[in-house]
Amino acid sequence: LQGIFVLGLPYAVLHSGYSGLLLIVLAAALCCYTGKILIACLYEENEDGQLIRVRGTYEDIANACSKKLSPNLGGVVVNVTQVVELIMTCILYLVVSGNLLSHSFPYVPMTEKTWFVIAFVTLLPCIFIRTLKIVSKLSQLCSLVHFVIIFVVITYCLTQMHQWSWAKFRLSLEFEDFLVSVGVIIFSYTSQIFLPTLEGNMKNPGEFRCMLNWTHFFACILKTTFALTAFLTWGGKTKEVITDNLPSFLETLVNLCLLTKALLSYPLPFFAATEIVYSCISKDNRSNYRFPLLALTVRGSFLLLTLLMAMFTPHFALLMGLSGSITGAAMTFLLPSLFHLKLKWKKLSFLEKCADISVFILGFLCSLAGIVCSIKGLLEVFG
């Protein structure tokens, strides 16, 4: 999820100035912290004081926190939030694909919505994906394409260093534009959904914290460098998808690479979302879970839903800001800090409690403001 949404960061910096660069660093630090406390919620001390993994998923943590109210209430909330975030991610991949196709073939007499349909047709085989093995192979190809794209864009920007000017950064900001940028930046870091599964499958789970530190550090360096060099190159002309700013001889090549990456990235969140739904169905009726027609119906419905949403909300940055403000903020800031306070309250120091409460309040305010401003922006776009 870290790759394709990096394209919106220069546009976020356009609307947030110097504070946008600070936000990229701050978001990395906060996401790293909430990832650690989320994993801490999977463990409890035994009689000998040793940490034992007693929970396996985000859902298990939520159910443990809400068991006094309802045994499954927390899990339902988390599952719904996860499905919404994953589906929104799929929609964004379709939006990006349609945008890339329309800009790669400007002389073809087709609307952007028609390109959405073409991208949708290429994704129909996703309905038949039944194992994570296929998805993992596609993700490996995505990683390779991602680094090639970033390298090409940054290299071109470095060739334009002679026209860079720090005066392009604004000191005065429009508050609403700034809040939308917050949502964009948050969404570029969201990965908490996958962390419990990732930690549980590590050969040495004890190295998880170190791994989280280094991955967020390098992600922060990469994103800051990319956003900074791209914005310094194009300044106020920076577009929602930064590849639209490239000269024609590079734009078509990079856009086709990005298109390939977007289409190959789609199966991961799509598969994860449908698996969550299947797991919920299987708890009530395992025979239905194994029924092939039901599986195809659910996958087909999800696939069609993403197309319809992409058709009616084809604005990349605003949609990403809305997604980051709602589900991204909840899964990344609100729920991890809330769950950590609930499960570890007696064992937390005063400073740890203050940190969790501060993250929760900050996440709530950013989420609320981002939702309002993103929706207002979408309404203005649609007139």
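Residues numbered from 1 in each chain as written. Predicted model: local features only at pLDDT ≥ 70, side-chain atom pairs only at ≥ 80, totals over all residues. Heavy atoms only, no water.

A. Molecular detail of the overall build of the chain. The secondary structure content of the chain amounts to 15 helices and two strands. In the chain, which comprises 383 residues, the proportion classed as buried is 52%. Looking at the chain alone, contacts between residues at least 24 apart form 80% of all its contacts between residues at least 6 apart. A total of about 18,400 Å² of accessible surface is found on the chain, and carbon and sulfur atoms cover 69% of it. (Helix = DSSP H or I, 4+ residues; strand = E, 2+ residues; numbered from the N terminus. Buried < 20%, exposed > 50% of the residue type's maximum accessible area, 1.4 Å probe, protein only. Contact = heavy atoms within 4.5 Å. Areas by Shrake-Rupley, 256 points an atom, 1.4 Å probe, with all protein chains shown as cover.)

B. Representation of the nonpolar core. Ile185, Tyr189, Phe226, Tyr266 and Phe339 are the most contacted members of the largest nonpolar core, which has 99 residues in total. Broken down by element, this core gets its largest block of residues, 13 residues, from helix 4 (residues 73–104). Non-local contacts of Tyr266, meaning those with residues more than four positions away in its chain, are made with Cys90, Tyr93, Leu94, Leu123, Cys126, Leu303 and Thr306. (Core = buried A, V, L, I, M, F, W, Y, C linked by side-chain atoms within 4.5 Å.)

C. Geometry of the pattern of salt bridges. Per the stated rule, a full pass over the model turns up four salt bridges. A salt bridge links Glu44 to Arg55; its shortest N-O distance comes to 3.1 Å. You can see Glu44 sitting in strand 1 (residues 43–45) and its partner Arg55 sitting in the loop between strand 2 (51–53) and helix 3 (58–66), a full eleven residues away along the chain. A salt bridge links Lys344 to Glu44; the nearest nitrogen and oxygen atoms lie 3.8 Å apart. (Salt bridge = Lys/Arg side-chain N within 4 Å of Asp/Glu carboxyl O.)

D. Looking closely at the packing of helix 1 (residues 9–16) against helix 9 (residues 208–234). Two elements in contact, helix 1 and helix 9, have axes whose closest approach is 8 Å; the angle formed by their N-to-C orientations is 65°. By the angle between their axes, helix 1 is roughly perpendicular relative to helix 9. The handedness of the crossing between helix 1 and helix 9 is right-handed. When helix 1 is examined against helix 9, the residues Leu9, Pro10, Val13 and Leu14 are found in contact with a partner set consisting of Lys223, Phe226, Ala227, Ala230 and Phe231. By residue class, the composition of the contact of helix 1 with helix 9 is eight nonpolar, no polar and one charged. (Axes fitted to C-alpha atoms, helices over the stretch in contact; angles between N-to-C directions. Parallel < 35°, antiparallel > 145°, perpendicular 65-115°, else oblique. Left-handed = near helix turned anticlockwise from the far one by under 90°. Nonpolar A, V, L, I, M, F, W, Y, C, P; charged D, E, K, R; others polar.)

E. The arrangement of the packing of aromatic side chains in detail. Taken as a whole, this structure holds six aromatic pairs when the rule is applied. Residues Tyr58 and Phe339 carry aromatic rings whose centres are separated by 6.2 Å and whose planes lie at 80° to one another, so their mutual orientation is edge-to-face. Linking Tyr58 in helix 3 with Phe339 in helix 14 (residues 316–344), this pair joins segments that are 281 residues apart in sequence. Residue classification places Tyr58 among the buried residues on the basis of a relative accessible area of 2%. On the basis of relative accessibility, which here comes to 6%, the residue Phe339 falls in the buried class. Between Phe217 and Phe218, the ring centres sit 5.4 Å apart and the planes meet at 70°, which makes this aromatic pair edge-to-face. Through pairs of rings, three or more aromatic residues link up here, namely Trp214, Phe217 and Phe218. We note Lys353 situated over the ring of Trp345; from NZ or CZ to the ring centre the distance is 4.0 Å. (Phe/Tyr/Trp six-rings, centres within 6.5 Å; stacked < 30°, edge-to-face > 60°. Lys NZ or Arg CZ within 6 Å of the ring centre and 35° of its normal.)

F. A look at a nonpolar patch on the surface. Taken together, the side chains of Trp345, Ile357, Ile361, Phe364, Leu365, Leu368 and Val372 make up a nonpolar region of the molecular surface, amounting to roughly 670 Å² of accessible area. When you line up the elements, Ile361 lands in helix 15 (residues 350–381). What makes Ile361 partly exposed here is its relative accessible area of 44%. (Patch = residues over 30% accessible without salt bridge, like charges linked within 9 Å, V, L, I, M, F, W, Y side chains within 5 Å.)

G. Up close: the packing of helix 4 against helix 5 (residues 112–122). At a minimum axis distance of 8 Å, the contact between helix 4 and helix 5 shows a crossing angle of 120°. For the pair helix 4 and helix 5, the crossing hand works out as right-handed. Contact residues: helix 4 offers Leu94, Val95, Ser97, Gly98, Asn99, Leu101 and Ser102, while helix 5 offers Glu112, Trp115, Phe116, Ala119 and Phe120. Partitioned by chemical class, the residues of the contact of helix 4 with helix 5 number seven nonpolar, four polar and one charged.

H. Focus on helix 3. Among the nine residues of helix 3, eight are classified as buried, and the element is accordingly described as predominantly covered. Buried within helix 3 we find Tyr58, Glu59, Ile61, Ala62, Asn63, Ala64, Cys65 and Ser66.

I. Summary view of the side chain of Thr233. Its place among the elements puts Thr233 in helix 9. A polar contact is formed between the side chain of Thr233 and the side chain of Trp164, at a distance of 3.1 Å. (Polar contact = N/O pair within 3.5 Å; in protein donor to acceptor, adjacent residues only side chain to side chain.)

J. Summary view of the confidence of the model for the chain. This prediction gives the chain a mean pLDDT of 81; 89% of its residues lie at or above 70. In the predicted structure, residues 285–289 sits below a pLDDT of 50 and forms seven contacts with residues beyond four places in sequence or in another chain. (pLDDT = per-residue confidence, 0-100.)

K. Seen up close, helix 9. Between its terminal C-alpha atoms helix 9 stretches 39 Å, which fits the 39 Å expected from 27 residues at 1.5 Å a residue. One or two positions beyond helix 9, positive phi appears at Gly235, with a value near 55°. (Expected span 1.5 Å × (residues − 1).)

L. Quick peek at the side chain of Glu59. Topologically, Glu59 is positioned in helix 3. Looking at Glu59, the relative accessible area reads 15%, which means it is buried. Here Asn79 takes part through its side chain, which lies 3.4 Å from a polar atom of the side chain of Glu59.

M. Spotlight on a positive patch on the surface. A contiguous patch of positive charge on the surface is contributed by Lys67, Lys68, Lys342 and Lys346. Structurally, the position occupied by Lys342 is in helix 14. (Lys, Arg positive; Asp, Glu negative; His and termini not counted. Charge placed at Lys NZ, Arg CZ, Asp CG, Glu CD.)

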